[in-house]
Amino acid sequence: MKYLFYFVITVICLDQTYAQIAAIQIDNENTLWLGIDNAVTVAVEGYSCNSIFLTTDNGTITGEKGHYIIRPDKPTTK
(Lines give C-alpha, C1' and ligand atoms only; values in the text may rest on other atoms or scores of the structure.)
Protein backbone atom coordinates (compact mmCIF):
# COMPACT_ATOMS: atom_id res chain seq x y z
CA MET A 1 0.00 0.00 0.00
CA LYS A 2 2.80 2.42 0.80
CA TYR A 3 4.34 1.79 -2.65
CA LEU A 4 1.08 2.82 -4.28
CA PHE A 5 1.08 5.99 -2.17
CA TYR A 6 4.65 6.85 -3.25
CA PHE A 7 3.79 6.16 -6.88
CA VAL A 8 0.74 8.45 -6.79
CA ILE A 9 2.66 11.25 -5.07
CA THR A 10 5.49 10.93 -7.60
CA VAL A 11 3.12 11.13 -10.57
CA ILE A 12 1.36 14.15 -9.11
CA CYS A 13 4.66 15.94 -8.40
CA LEU A 14 6.07 15.22 -11.85
CA ASP A 15 2.96 16.61 -13.48
CA GLN A 16 3.28 19.92 -11.62
CA THR A 17 7.02 20.43 -11.85
CA TYR A 18 8.11 23.36 -13.97
CA ALA A 19 11.60 24.72 -14.36
CA GLN A 20 13.38 27.20 -16.56
CA ILE A 21 16.99 26.40 -17.31
CA ALA A 22 19.38 29.31 -17.65
CA ALA A 23 23.14 29.29 -18.08
CA ILE A 24 25.46 32.17 -17.22
CA GLN A 25 29.12 31.87 -18.15
CA ILE A 26 31.79 34.36 -17.14
CA ASP A 27 34.01 34.30 -20.22
CA ASN A 28 37.45 35.18 -18.83
CA GLU A 29 37.54 34.20 -15.15
CA ASN A 30 35.20 32.63 -12.63
CA THR A 31 34.93 35.92 -10.70
CA LEU A 32 33.36 39.28 -11.54
CA TRP A 33 35.97 41.96 -10.85
CA LEU A 34 35.21 45.48 -9.60
CA GLY A 35 36.06 48.43 -11.83
CA ILE A 36 36.69 46.46 -15.04
CA ASP A 37 34.51 45.07 -17.81
CA ASN A 38 33.61 41.40 -17.25
CA ALA A 39 32.42 39.53 -20.35
CA VAL A 40 29.45 37.23 -19.70
CA THR A 41 27.50 34.88 -21.98
CA VAL A 42 23.87 34.09 -21.08
CA ALA A 43 21.50 31.50 -22.55
CA VAL A 44 17.97 30.52 -21.49
CA GLU A 45 16.27 27.32 -22.61
CA GLY A 46 13.33 27.94 -24.92
CA TYR A 47 14.15 31.60 -25.63
CA SER A 48 16.15 33.25 -28.39
CA CYS A 49 19.17 35.37 -27.45
CA ASN A 50 17.24 38.46 -28.59
CA SER A 51 14.60 37.86 -25.89
CA ILE A 52 16.98 37.87 -22.90
CA PHE A 53 16.92 40.96 -20.67
CA LEU A 54 19.35 41.31 -17.75
CA THR A 55 19.14 43.68 -14.79
CA THR A 56 21.27 44.27 -11.70
CA ASP A 57 21.20 46.43 -8.60
CA ASN A 58 25.00 46.43 -8.39
CA GLY A 59 26.60 48.16 -11.37
CA THR A 60 25.86 48.27 -15.07
CA ILE A 61 25.14 45.72 -17.78
CA THR A 62 25.59 46.46 -21.47
CA GLY A 63 25.41 44.24 -24.52
CA GLU A 64 22.86 42.21 -26.43
CA LYS A 65 22.08 38.85 -28.06
CA GLY A 66 23.45 36.73 -25.23
CA HIS A 67 26.81 38.51 -24.88
CA TYR A 68 27.01 41.12 -22.13
CA ILE A 69 29.52 43.23 -20.23
CA ILE A 70 28.95 43.48 -16.48
CA ARG A 71 30.72 46.15 -14.42
CA PRO A 72 29.96 45.78 -10.66
CA ASP A 73 30.01 48.88 -8.41
CA LYS A 74 30.57 47.30 -5.00
CA PRO A 75 31.72 43.94 -3.59
CA THR A 76 29.14 41.43 -2.44
CA THR A 77 29.05 37.86 -1.17
CA LYS A 78 25.69 36.90 -2.70
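A quick note: this is a predicted structure, and the numbers were derived from the prediction, not measured. (Residues numbered from 1 in each chain as written. Predicted model: local features only at pLDDT ≥ 70, side-chain atom pairs only at ≥ 80, totals over all residues. Heavy atoms only, no water.)

K.L.:
Can you help me understand the overall build of the protein in this one?
P.N.:
Each helix and strand in the protein was counted, giving one helix and four strands. Listed by position from the N terminus, the elements making up the protein come as α-β-β-β-β. Counting all 78 residues of the protein, 14% fall into the buried class. Within the protein, contacts between residues separated by at least 24 positions form 39% of all contacts whose residues are at least 6 apart in sequence. Accessible surface, the protein: about 6800 Å² in total, of which carbon and sulfur atoms supply 59%. (Helix = DSSP H or I, 4+ residues; strand = E, 2+ residues; numbered from the N terminus. Buried < 20%, exposed > 50% of the residue type's maximum accessible area, 1.4 Å probe, protein only. Contact = heavy atoms within 4.5 Å. Areas by Shrake-Rupley, 256 points an atom, 1.4 Å probe, with all protein chains shown as cover.)

K.L.:
Please explain the sheet that holds strand β2 (residues 38–44) as it appears in this structure.
P.N.:
What holds strands together in a sheet is hydrogen bonding between their backbones, with the strands either parallel or antiparallel. Across the sheet, four strands lie side by side as β1-β2-β4-β3; this open sheet has antiparallel pairing. Across the chains shown, the open sheet's two edge strands, defined by having one partner strand only, are β1 (22–26) and β3 (60–64). Across the sheet, the mean angle separating the axes of adjacent strands is 25° when strand polarity is ignored. In this structure, β1 lies alongside β2, joined through five bridges in antiparallel fashion. When the bridges of β2 are listed, I26 appears paired with V40. (Pairing = 2+ DSSP bridges. Axes fitted to C-alpha atoms, helices over the stretch in contact; angles between N-to-C directions.)

K.L.:
What is the right way to look at the nonpolar core in this model?
P.N.:
Note on soluble globular proteins: their nonpolar side chains tend to be buried together. By size, the foremost hydrophobic cluster in this structure holds six residues: V40, V42, V44, I52, Y68 and I70. If you tally residues by element for this core, the top one is β2, at three residues. (Core = buried A, V, L, I, M, F, W, Y, C linked by side-chain atoms within 4.5 Å.)

K.L.:
Could you clarify how one ought to interpret the environment of R71 in this entry?
P.N.:
Turning to its location among the elements, R71 is positioned in strand β4 (residues 67–71). Judged by its relative accessible area of 35%, R71 is partly exposed. Excluding its chain neighbours within four sequence positions, the residues that come into contact with R71 are G35, I36, D37, N58, G59 and T60. Within the structure, the side chain of R71 is placed 3.0 Å from the side chain of D37, a separation counted as a polar contact. (Polar contact = N/O pair within 3.5 Å; in protein donor to acceptor, adjacent residues only side chain to side chain.)

K.L.:
Would you mind showing me how to read the pairing of β3 here?
P.N.:
Regular strands have side chains that alternate between both faces of the sheet. As paired elements, β3 and β4 share five bridges and run antiparallel to each other. Bridge pairing links I61 to I70 in β4. What sits between β3 and β4 in their antiparallel hairpin is a turn of two residues, with K65 showing a positive phi close to 55°.

K.L.:
Can you help me understand unusual backbone geometry in this one?
P.N.:
Leaving glycine aside, a negative phi is the common case for residues, and trans is the common case for peptide bonds. Of note, the phi angle at K65 is positive, near 55°, even though the residue is not glycine. Looking at the element boundaries, K65 is found in the loop between β3 and β4.

K.L.:
Can you help me understand the side chain of N58 in this one?
P.N.:
With respect to the secondary-structure elements, N58 resides in the loop between β2 and β3. At 3.1 Å, the side chain of N58 and the backbone nitrogen of D73 are in polar contact.

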